[in-house]
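Each chain, letter by letter, is given below.
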Amino acid sequence: MPDVIRLKVKRQDQPDAKPYWEEFELPYRPQHNVISLLMALREKPVNIKGERVAPVVYEVGCMEEVCGACTMIINGQVRQACSALVDQLEQPIVLEPMSKFQVIRDLMVNRQPMFDALRQVHAWVDIDGGYDIHVHAPRISPQAWEHNYNFARCMTCGCCMEVCPQYNSKSKFVGPAPIGQAWLFSNHPTGKYYKAARLHSLMGVGGITDCGNAQNCIEACPKDIKLTDAIAKISRDTTIQMVKDLFLS
Amino acid sequence: MAIKKPQIIVIGGGLGGLWATIRIAEAGNHVKLFSLFQVKRSHSACAQGGINACLDTKGQKDSTWQHFVDTIKGGAYLANQPPVLSMCEDAPGLIRTFDRMGVTWSRTPEGIMDLRLFGGVKNKRTCFAGATTGQQLLYACDEQVRKHEEAGLVEKFEWWEFLGIIMDGQGRCRGITAINLHTMETRVFKADAVVVATGGLGLIYGKSTNSTNSTGAAASRVYQQGAKFMNGEFIQFHPTGMPGDDKNRLMSEAARGEGGRIWVPKQKGDTRDPLTIPEGERWYFLEEWYPAYGNTVPRDVASRALYKVCKELGMGIGGGDLVYLDLTHLDSKFLRSRLGGIMEIYEKFAGSDPTQIPMMIYPAVHYSMGGLWVDFEKDPETNALKQPSPRNHQCSIPGLFSCGECDGTYHGANRLGANSLLSASYSGRVVGESVAAYVKGLTDSVENVPEEIFSKEKNRQDGINQDILAGKGDENPYILHRELGELMRDKVSIIRSNEGLDAALDGLQELKARFQNINLDDTRGWTNLPLTYTRQVHDMIILAEVIAKGARLRDECRGSHWKPEFEMSIPEGKFPGDPEFEEYRAKWKANNETWLKTTVAEHSESGPQISYEKVDTSMLPVEQPRDYR
């Protein structure tokens, strides 16, 4: 068992500042994850040069990989920090912020563009109001449930966006996750009433044709969401929609 | 004349806050929605097992009345009955609305919503989406709010922290101050009504099943400004939490509802691999002690049982504080489909597959039954809530409202599993309608309140921040927080004593004093986490005093609050009709004459001032002691 845990963090004091590396050593304790390690660091934020510094800034929420808050790059791989168990990581553990989003400070980035994209693709089911209308939505088969539930687990964490070569500062591509959500809502018995609206939102600039089929997204998704299925189906559906628009409008 | 364009603020974007936002927006009002982070990441996402509603689709002749009885009894009769009655009666309609929103409910073979069994009840009335129900319900509300955002009715202030309310000369809530967590700017936001929906307070205990943002700080702040707090001493320990240094991750009650069994080896200190221990050498103690409910006894009963087995009898696994939660006898495909979410969590963090090896668990701090005191208006004809009414879910400060885990309305002394997703969503919908009714009745807008009232409060908040930033002492807020958690887990736990609670109150005084000596390692003016964290720690200590004081003064055992020195146990082997049981029942009723009352805490500089209020028990007479044998 090692005595210490060595940490190397890519820090940045504010959005327009230069990034810099800082290294830390913490006493070993079994069953640390990267978040609990950063939490321990806060109690005594001293770097390996012996300087007492401001503790590393990061985002955290549930600590059990259901909220998507703590996404960062750990030893070169984008993932949630809470489920990155230190005992399974090579040292020094290298922490970097996601590169596809603006750094706020240290490991905390601004993922607002992902949420804005959900507005763009009409990622909801339209209901008349939050009051009871005394009937359920139409029935859904257990087989359809299994398919849909998979997409409903998307926690807007950013892993798929990080690994997507088409999602970057030079492109307006919405990225894989919003496309998965558009697919989910168009599969709902009443959500599908607005399928055309969702498809249209993905037929313009930054839409489905920006996908280059790298298929990195489905590899990186911590919830194994079948993103490439959704992308393929939306791609086909947008073609059909285009034909409909041409001949039926 | 009613004011035009009322300004409404909702603080907190979990199920309670989002439901309030939806109903307020649907009434045509503009809402400013505040959250520490993007609302989709709220702690509601962690809820796993399900949400209760009487749909009666399992041929059990279930009824909303039975749901009401189970809830009131589960809460040891401490909850006011009218709101609970309304919640149970309106639950099926709420579920239908979630269904229309597209929640991916698990389905039966004929395509309708499935129901599972949960703790403390005999009928299946828990609707679920795999084992990630809270996540799916939260996401449905998040999606609906996004729709309203797109329509211009909701403006989000994510990455803003609520610091305090602002009250006018008549003591009415007229707005808030908040700090931007990135720019560190404090700003005043005027409002005609404010809803606090900031969830639970597990972080007061350091380790819990809660997310890192469930500090109770916002509730503490309005309490310090004069809002009453109720039943603080009732803290739920969930029996099946994973041990952990950073968090006690929850293993849903659904695991037991679906057939999971709790056991320890009959042989004390047995260190054999559990799979090699034969049936006859396993002690299924919940099944033995409570034949009627077995593994699905209510949480307070289960947690005390696990505590007794481990701490009093020393029969935990290997002599430690752990017992087995065994799912290995169940079909693994069934488990993956019904409980997939928790299987994943256990595998990731404990490193073993629960379908093959029994899980190891122990009780963990989980939920606060108490919370901000809120009013309700009873309909004298139905004995349920009069809806809508501006009184429903209004705090003791006019114009301030609360919902969700943040208020203390529905669960009495102990909460039934799957009733929290219900109460959070339901109370959010109720308060949304109350606020809409309240602002319709207002005749003077916040715009008429003098500016000095707002600037004075902003200056006060800036002053607090500056004092903390200038601190030159030697205390680290993270260390103080860790010590707070250790103190609370040790002395205000599952089993309590007056001696221990006195020590807790002394310990809290000490922490408060040390707090004056803070030195921040970060004095930057950009995304300064230690500054806001320090304020949260202070406010957690204040709320911890409310919990400990209420516990110290309540000399009885009720629900999750247990002092063995005042225990009255059901005579063993005796049942209703037996003279010994009837003698017990008489003692139990006499105790209720003294203690069946709501604890109300009010802030003062010398600590929480405790008083009591009558409980409305008009629908279900308090006749049947809780008996799960």
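All figures in this text were calculated on a predicted structure; none of them were measured in a lab.

Thresholds applied
- Each residue is numbered by its place in its chain's sequence as written, counting from 1.
- Naming scheme: in the order in which they are written, chains are lettered from A and ligands are numbered from 1.
- Per-residue local features are limited, in this predicted model, to residues with pLDDT of at least 70; the limit for side-chain atom pairs, both in listing and counting, is 80 or more; totals at the level of whole chains, interfaces and linings are taken over all residues.
- The exposure scheme places C-beta atoms from the backbone and then counts, for each residue, the other C-beta atoms within 10 Å of its own, assigning buried at 20 or more, exposed at 12 or fewer, and partly exposed in between.
- Secondary structure elements follow DSSP: runs of H or I of four or more residues count as helices, runs of E of two or more count as strands, with numbering from the N terminus.
- The rule for pairing is simple: two strands pair if DSSP sees at least two bridges between them.
- We call two residues in contact when their backbone-placed C-beta atoms lie within 7 Å.
- Three residue categories are used. Nonpolar comprises Ala, Val, Leu, Ile, Met, Phe, Trp, Tyr, Cys and Pro, charged comprises Asp, Glu, Lys and Arg, and polar comprises the others, including Gly.
- Start and end points for every domain follow an automatic or database-based domain assignment.
- To get an axis, fit a line to the C-alpha atoms, keeping to the stretch in contact for a helix; angles then go from 0 to 180 degrees between the N-to-C directions.
- Convention used here: angles under 35 degrees read as roughly parallel, angles over 145 as roughly antiparallel, angles from 65 to 115 as roughly perpendicular, and any remaining angle as oblique.
- We call a crossing left-handed when the near helix sits turned anticlockwise from the far one by less than a right angle, and right-handed when that turn is clockwise.

Peer 1: How do you make sense of the pairing of strand β15 (residues 323-326) of chain B when you look at a structure like this?
Peer 2: Consecutive side chains along a regular strand alternate between the two faces of the sheet. All names here are of chain B. A two-sided burial pattern is seen for β15, the buried positions comprising Val323 and Leu325 on one face and Tyr324 and Asp326 on the other. Alignment of strand β13 (residues 261-265) against β15, held across three bridges, turns out to be antiparallel. Paired with tryptophan 263 across the strands is tyrosine 324, a residue of β15. With three bridges connecting them, β15 and strand β16 (residues 359-368) associate as antiparallel partners. Bridging from a neighbouring strand, valine 323 pairs with isoleucine 361 of β16.

Peer 1: Just to check I follow, could you spell out the sheet that holds β13(B) for this structure?
Peer 2: Backbone-to-backbone hydrogen bonds join strands into a sheet, with any given pair of strands oriented parallel or antiparallel. Strands sit in the order β12-β16-β15-β13-β14 (chain B) across an open sheet of five strands; the sheet is antiparallel. Two strands lie at the open edges of the sheet, namely β12 (235-241) and β14 (282-283) of chain B, each paired on one side alone.

Peer 1: Hey, could you run me through the interface of chain B and chain A in this one?
Peer 2: It is common to report an interface's size as the accessible area lost on association of the parts. At the junction of the two partners, chain B supplies 56 residues and chain A supplies 54 residues. Broken down by secondary-structure element, the contributors of at least two residues to the side of chain B that touches chain A are α1 (15-26), α3 (81-101), α4 (133-150), α9 (332-350), α12 (477-491) and α14 (529-553) of chain B. Ranked by residues supplied to the side of chain B that touches chain A, first place goes to α4(B) with nine residues. Within the side of chain B that touches chain A, the residues separate by chemical class into 15 nonpolar, 19 polar and 22 charged.

Peer 1: Explain the domain arrangement of chain B to me, please; I cannot follow it from the model alone.
Peer 2: Residue and element names in this part refer to chain B. Entries for chain B in the domain assignment read domain 1 (7-234 + 369-448), domain 2 (238-364) and domain 3 (451-601). The C-alpha-based centres of domain 1 and domain 3 are spaced at 22 Å. With 44 residues of domain 1 at the interface, the matching set in domain 3 holds 39 residues. Those elements that place two or more of their residues in the side of domain 1 that touches domain 3 are β7 (160-167), β8 (173-180), β9 (186-190), α5 (217-224) and β11 (229-230). If you tally residues by element for the side of domain 1 that touches domain 3, the top one is α5, at six residues.

Peer 1: Would you mind going over the packing of α12(B) against α14(B) with me for this structure?
Peer 2: Helix-helix packing: each pair is described by the crossing angle between the helix axes and the interaxial distance. Residues and elements named next belong to chain B. Closest axis-to-axis distance for the α12/α14 pair is 9 Å, and the angle between their directions is 25°. On the basis of their axis angle, the class for α12 and α14 is roughly parallel. As α12 packs across α14, the resulting crossing turns out to be left-handed. Taken together, the residues of α14 that come into contact with α12 (itself represented by Pro477, Leu480, His481, Leu484 and Met488) are Pro530, Tyr533, Thr534, Val537, Met540, Ile541 and Ala544. Residues belonging to the contact of α12 with α14 are distributed by class as follows: ten nonpolar, two polar and no charged.

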